[in-house]
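For reference, the chains in residue letters:
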Amino acid sequence: MADHDNPSSIITIERHILEEQAFHPEATGTLTNILYDLALAGKVIASKTTRAGLAEILGRTEDINVQGETVLKLDRFADLTVQRLTDHTGRLAGLASEENAEFMPIPDKYPMGKYLLVFDPLDGSSNVDFNMPVGTIFGVYRRLRESGPVSTEEFLQPGRNLVASGYIAYGTSTIFVYTAGHGVHGFTLDPHVGEFLLSHPNIEIPRAKYFSVNLGYQMYWSLGVQRYTEYLQGHGGGIKGLSLRYIGTLVSDFHRNLLAGGVFYYPADSKDPNSPSGKLRLLYEAAPLAFIAEQAGGYASDGTGSILDIEPTSLHQRTPLFIGNKELVEKVEELIRGLDS
Ligand code: AFP
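Summarised in this report is the structure supplied together with it. For clarity, every value in this text was computed on a predicted model and none was experimentally measured.

### Focus: the packing of helix 1 (residues 13-20) against helix 2 (residues 30-49)
Thinking step 1. Direction vectors running N to C along helix 1 and helix 2 enclose 160 degrees, while the axes themselves pass 9 Å from each other. It follows from the interaxial angle that helix 1 and helix 2 lie roughly antiparallel. As for how helix 1 packs across helix 2, the hand of that crossing is right-handed. Contacts from I13, E14, I17 and L18 in helix 1 reach T32, L35, Y36 and A39 in helix 2.

### Here we look at the sheet that holds strand 5 (residues 115-123)
Thinking step 1. A sheet is described by the order of its strands in space; here eight strands give the open sequence 4-3-5-6-7-8-9-10, paired in mixed fashion. Looking along the sheet, the strands with just one partner apiece sit at the ends: strand 4 (104-105) and strand 10 (195-200).
Thinking step 2. Bridge analysis of strand 3 (residues 92-97) against strand 5 gives five bridges, and the strand direction is parallel. Counted as the bridge partner of L95 is L117 from strand 5.

### Notes on the nonpolar core
In globular proteins that are soluble, nonpolar side chains generally tend to be buried together.
Thinking step 1. Grouped together as the largest cluster of nonpolar side chains are 43 residues, with contacts concentrated most on F155, Y167, L258, I307 and L321.
Thinking step 2. The biggest single contributor to this core is helix 7 (residues 282-295), with 10 residues.
Thinking step 3. Sequence-distant contacts of L321, that is, excluding residues within four places in its chain, are made with L250, F264, Y265, Y266, L280, A286, A300, S301 and I307.
Thinking step 4. Counting residues in hydrophobic clusters, the runner-up holds 36 residues, among them I34, Y178, A180 and L198.

### Some thoughts on the sheet that holds strand 13 (residues 262-266)
Thinking step 1. Judged by pairing direction, the sheet is mixed, and its five strands sit side by side in the order 12-11-13-15-14 without closing on themselves. At either end of the open sheet lies a strand with only one pairing partner, and these are strand 12 (243-244) and strand 14 (299-301).
Thinking step 2. The strands that helix 7 touches are strand 14 and strand 15 (321-324); relative to strand 15, the one it contacts most, it runs at about 30 degrees.

### Observations regarding the site of the ligand
Thinking step 1. Neighbouring the ligand are 16 residues; D123, S126, Y246, L250 and Y266 lie closest to it.
Thinking step 2. One nitrogen or oxygen atom from the main chain of S125 is found 3.1 Å from an oxygen atom belonging to the ligand.
Thinking step 3. A distance of 2.8 Å separates an oxygen atom of the ligand from a polar side-chain atom of Y217.
Thinking step 4. In the complex, 87% of the free accessible area of the ligand, which totals 480 Å², lies under the protein chains.
Thinking step 5. Taken together, the residues of the shell around the ligand sort by class into six nonpolar, six polar and four charged.

### So, the packing of helix 5 (residues 223-232) against helix 8 (residues 326-339)
Thinking step 1. Where helix 5 contacts helix 8, the axes come no closer than 8 Å and their chain directions differ by 140 degrees. The angle between the axes of helix 5 and helix 8 places the two elements in the oblique class. Regarding helix 5 and helix 8, the two cross each other, and that crossing is right-handed. Contacts between helix 5 and helix 8 involve L223, G224, V225, R227, Y228, Y231 and L232 from the former and L328, V329, K331, V332, L335, I336 and L339 from the latter.
Thinking step 2. Considering only residue class, the contact of helix 5 with helix 8 consists of 11 nonpolar, one polar and two charged.

### Observations concerning the pattern of salt bridges
Thinking step 1. On inspection of all chains with the given rule, the structure shows 13 salt bridges.
Thinking step 2. Here E195 makes a salt bridge to K43, at a shortest N to O gap of 3.4 Å. Here the residue E195 occupies a position in strand 10, and K43 occupies one in helix 2, the gap between them amounting to 152 residues.
Thinking step 3. A relative accessible area of 13% places E195 in the buried class.

Parameters and conventions
- Residues numbered from 1 in each chain as written.
- Predicted model: local features only at pLDDT ≥ 70, side-chain atom pairs only at ≥ 80, totals over all residues.
- Heavy atoms only, no water.
- Axes fitted to C-alpha atoms, helices over the stretch in contact; angles between N-to-C directions.
- Helix = DSSP H or I, 4+ residues; strand = E, 2+ residues; numbered from the N terminus.
- Parallel < 35°, antiparallel > 145°, perpendicular 65-115°, else oblique.
- Left-handed = near helix turned anticlockwise from the far one by under 90°.
- Contact = heavy atoms within 4.5 Å.
- Pairing = 2+ DSSP bridges.
- Core = buried A, V, L, I, M, F, W, Y, C linked by side-chain atoms within 4.5 Å.
- Buried < 20%, exposed > 50% of the residue type's maximum accessible area, 1.4 Å probe, protein only.
- Near = heavy atom within 4 Å.
- Polar contact = N/O pair within 3.5 Å; in protein donor to acceptor, adjacent residues only side chain to side chain.
- Areas by Shrake-Rupley, 256 points an atom, 1.4 Å probe, with all protein chains shown as cover.
- Nonpolar A, V, L, I, M, F, W, Y, C, P; charged D, E, K, R; others polar.
- Salt bridge = Lys/Arg side-chain N within 4 Å of Asp/Glu carboxyl O.

This is the structure in structure tokens:
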């Protein structure tokens, strides 16, 4: 951890992202600025989440989003904040958000850039009512065509194509974690200074301490996933000593396991016949976090192979997700191969 009482050890997010740019001599600074725009969006959203219990913003709207869920005002605020802070800069060619059925092209009055942004503006929003942590997840792709109007197909890129991804966790403090392919770095928002300061350089997942899953759905899982859960609980020669922690906000569960070691999973289940692949979205949640996991020495799988290799077929595609320490995620692949195929 950095010593923020000593000015010479303070590294702001702007400085860090700029220094990362040195890894890419051909870089124009556009990606750097997109990340900085997202950090600003994180600050604005954090200013609302910390006041959620007080402000009029808390409460449900009449609307139902594309996932069939009630949209909270805070979701809409976060969605619009990311759009407003990124759509006019000439850096992006389009945005796709979990909250909108179709992708959002850049308005005609603004210049078009060469990057695409995918994001989940407020992950875990059903936790807002209970003063629990929430987060924003994002991924940045290069667009596939040099020019012309953007199409949905350009967003349907495998996670391997991500040039950067990250999340902002709004918890006891606000933390911005990102990778641009050279390690994973975390920054904590200093509310007095109003800036994200480097607090977690070069994050690597340590030995596993936790497993995180909604055990309430156990009866709906395949045999392989049931055995895996027993393995994590130490039964029949399984791994001993893991603790169970589950918040129900993917960003927060992932962030804890990234720093402390562990595996999070949301498997396929038979609970809802309309959603056989579980609940999580490939584009907005699984792929961006999978890139971070791999950069931190971990791994993310859908139970059969890497999340990063999945070619999406639709914007709101769902996927089973197992993410965290590599050997723990590989173990579920082995059990699913042996018991479910
Ligand atoms: P909400 O945004 O509707 O709260 O969903 C959060 C989420 O997509 C993800 O952040 C959690 O890990 C997961 O759902 C929790 O789902 P369960 O409530 O089914 O366990």
